[in-house]
Amino acid sequence: MTIGKHKVVEFHYTVSDAATKEQLDSSKDSEPLTYLHGANNIIPGLEAELDGKSVGDEFEVTIAAADAHGEYSDDRVQVVPISAFEGVEKIEPGVMVAAETEQGAIEMIITDVNGDQVTVDANHPLAGRSLTFQVSVELIRDASAEEIDHGHAHGPGGHQH
Ligand code: ZN
């Protein structure tokens, strides 16, 4: 069996910043990541690389920012009045806040507070970074009709509901 649309895949990974080599995350000390292929569950560059792979395959790939968590965009940085943060306990740099937008809820981080002006950044924390992944494919199975319907994998490593 090879990885393709409507397959559920488990894989181990280590991800590093391609430029600094700093390791950012790894599944090696815990459970592999489980996802539904072809459903935009993982970053597009990695999903494309996994396509056609088999259990036991190991590879390393560097994915440009645009195909990872996106380019850093100044348009996603805004200054908003502090009155917009009603109900937020702590308004200081480093605090994550959620905002409802036309595209659904998005997470933003407060990067600056200047009087009653608050700067928030909606870029992904890894936006603008090229990432190097070391991947090993652990398991491939057919997705259930329910998983395909939901657009994600169920069970260990997937959605529990
Ligand atoms: Zn589900």
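In this report, the structure presented in the accompanying data block is examined. Note that this is a predicted model, so its numbers are computed, not measured. (Residues numbered from 1 in each chain as written. Predicted model: local features only at pLDDT ≥ 70, side-chain atom pairs only at ≥ 80, totals over all residues. Heavy atoms only, no water.)

## Re the coordination of the zinc ion
Protein-derived coordination of the zinc ion comes from His150 (ND1), His152 (NE2), His154 (NE2) and His161 (NE2), at a distance range of 2.0 to 2.1 Å. As a motif over one chain, the donors of the zinc ion read H-x1-H-x1-H-x6-H. (Donors = N, O, S within 2.8 Å, 3.2 Å for Na, K, Ca; no water.)

## Describing the packing of aromatic side chains
In the structure shown here, the tally under the stated rule is three aromatic pairs. An angle of 55° between the planes, with centres 5.9 Å apart, marks the rings of Phe11 and Tyr13 as tilted. The residues Phe11 and Tyr13 share a single accessibility class, namely buried. On the numbers, 5.7 Å between centres and 85° between planes, the contact of Phe11 with Tyr35 is edge-to-face. You can see Phe11 sitting in strand S1 (residues 7-17) and its partner Tyr35 sitting in strand S3 (residues 33-36), a full 24 residues away along the chain. Through a chain of ring-to-ring contacts, three or more aromatic side chains come together here, namely Phe11, Tyr13, Tyr35 and Phe133. It is Lys53 that lies over the ring of Phe59; its NZ or CZ is 4.7 Å from the centre. (Phe/Tyr/Trp six-rings, centres within 6.5 Å; stacked < 30°, edge-to-face > 60°. Buried < 20%, exposed > 50% of the residue type's maximum accessible area, 1.4 Å probe, protein only. Helix = DSSP H or I, 4+ residues; strand = E, 2+ residues; numbered from the N terminus. Lys NZ or Arg CZ within 6 Å of the ring centre and 35° of its normal.)

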